[in-house]
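Understanding the architecture of this molecule
Listed below are the residues making up each chain.
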Amino acid sequence: MSHTRFNPITRASSPEKIKGIKIPTPASGKVELLSDPILSALGEGVEISVSSHQVVSPINGLVLDTQPSHGKIILQAKNKLKFLLQLPTCYIEQLGIGIGCQVKVGDRINIGDTLLNLDLYKIQQHLKPIILQFVLLDSSPFGRIQVPHKSVEVNQDIIFSLVPLPKK
């Protein structure tokens with residue numbers, strides 16, 4: 001990871017006791033640090049090896065952008081935080097095979113609303129493993145981003161705990 005000020009992925013013994021803004025996971029699967037250097041330049045994030053057929057909204061907010069050809073969605077929370085969710089850019093060559101985008105630009109969304117329906121069988125014909133990249137596009141207000149789980153369940157687990165910088 002290019003930014004050393006953040007904690008590495010750890011499995012906390014009591015994830016519910018982690019302080020900060022808790023962001024629920026958008027999909028089920030195994031969690032790793034973001035390995036794409038281009039996306040790492042945009043913000044801090046993780047990669048989820050997807051095992052669920054749905055990607056849901058981790059926030060209440062607004063859909064700013066979509067590119068259904070590779071499952072790309074940019075969301076903005078009510079507090080102005082922006083998040084990027086997408087399959088790797090190499091999947092754009094498949095023209096969205098197996099991706100059912102359920103939202104459009106300008107839609108208001110709530111936590112748990114379906115963003116994407118994924119046909120894992122069709123996607124797996126071209127992309128193994130199926131990785132969902134999930135990035136906080138501006139991490140500057142936060143001193144730490146904690147990722148408490150190595151494996152997550154959609155609508156059940158926290159993917160990020162955003163710990164604000166101390167007030168001066």
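Scope of this entry: the structure provided in the associated data block. (Residues numbered from 1 in each chain as written. Predicted model: local features only at pLDDT ≥ 70, side-chain atom pairs only at ≥ 80, totals over all residues. Heavy atoms only, no water.)

**Here's the deal with the pairing of strand β7 (residues 82-86)**
Counting buried residues along β7, four of its five residues qualify, which places the element largely inside the surrounding structure. Bridge count between strand β6 (residues 72-77) and β7: four bridges; the pairing is antiparallel. Bridging across to β7, I73 finds its partner in L85. The turn linking β6 back onto β7 is made up of four residues, and K80 within it adopts a positive phi angle of 80 degrees. As judged from the four bridges shared by β7 and strand β11 (residues 131-136), these two strands associate in the antiparallel manner. Looking at β11, one finds that L85 is bridged to F134. (Buried < 20%, exposed > 50% of the residue type's maximum accessible area, 1.4 Å probe, protein only. Helix = DSSP H or I, 4+ residues; strand = E, 2+ residues; numbered from the N terminus. Pairing = 2+ DSSP bridges.)

**Observations regarding the pattern of salt bridges**
For the coordinates displayed, the defined rule picks out one salt bridge. In this structure, the salt-bridge partner of K104 is D107, at a minimum N-O distance of 3.1 Å. (Salt bridge = Lys/Arg side-chain N within 4 Å of Asp/Glu carboxyl O.)

**Considerations on the sheet that holds strand β10 (residues 114-118)**
One open sheet accounts for three strands, arranged β4-β10-β8; its pairing is antiparallel. A strand with exactly one partner marks an edge of an open sheet, and here the two such strands are β4 (54-56) and β8 (99-101). Taking the axes of each pair of neighbouring strands and ignoring which way they run, one obtains an average angle of 20 degrees across the sheet. Pairing of β8 with β10, which is carried by three bridges, proceeds in the antiparallel orientation. (Axes fitted to C-alpha atoms, helices over the stretch in contact; angles between N-to-C directions.)

**Side note on the sheet that holds strand β9 (residues 108-109)**
To summarise the sheet geometry, strands pair through backbone hydrogen bonds and adopt either a parallel or an antiparallel arrangement. Strand order in the open sheet formed by eight strands is β9-β5-β6-β7-β11-β3-β2-β13, and the pairing between neighbours is antiparallel. Single-partner strands in this sheet number two, and they are β9 and β13 (151-152). With six bridges joining them, strand β5 (residues 61-67) and β6 adopt antiparallel strand pairing. Note that in β6 the partner of D65 across the bridge is I74.

**Topic: a positive patch on the surface**
Taken together, the side chains of K78, K80, K82 and R108 define a basic patch exposed on the protein surface. Structurally, K82 can be placed in strand β7. (Patch = residues over 30% accessible without salt bridge, like charges linked within 9 Å, V, L, I, M, F, W, Y side chains within 5 Å. Areas by Shrake-Rupley, 256 points an atom, 1.4 Å probe, with all protein chains shown as cover. Lys, Arg positive; Asp, Glu negative; His and termini not counted. Charge placed at Lys NZ, Arg CZ, Asp CG, Glu CD.)

**Some details on the environment of P166**
Turning to its location among the elements, P166 is positioned in the segment after β14 (158-164). Judged by relative accessible area, P166 falls into the exposed class, the value being 67%. As for P166 and P141, which are separated by 25 residues in sequence, their C-alpha atoms are 9.6 Å apart.

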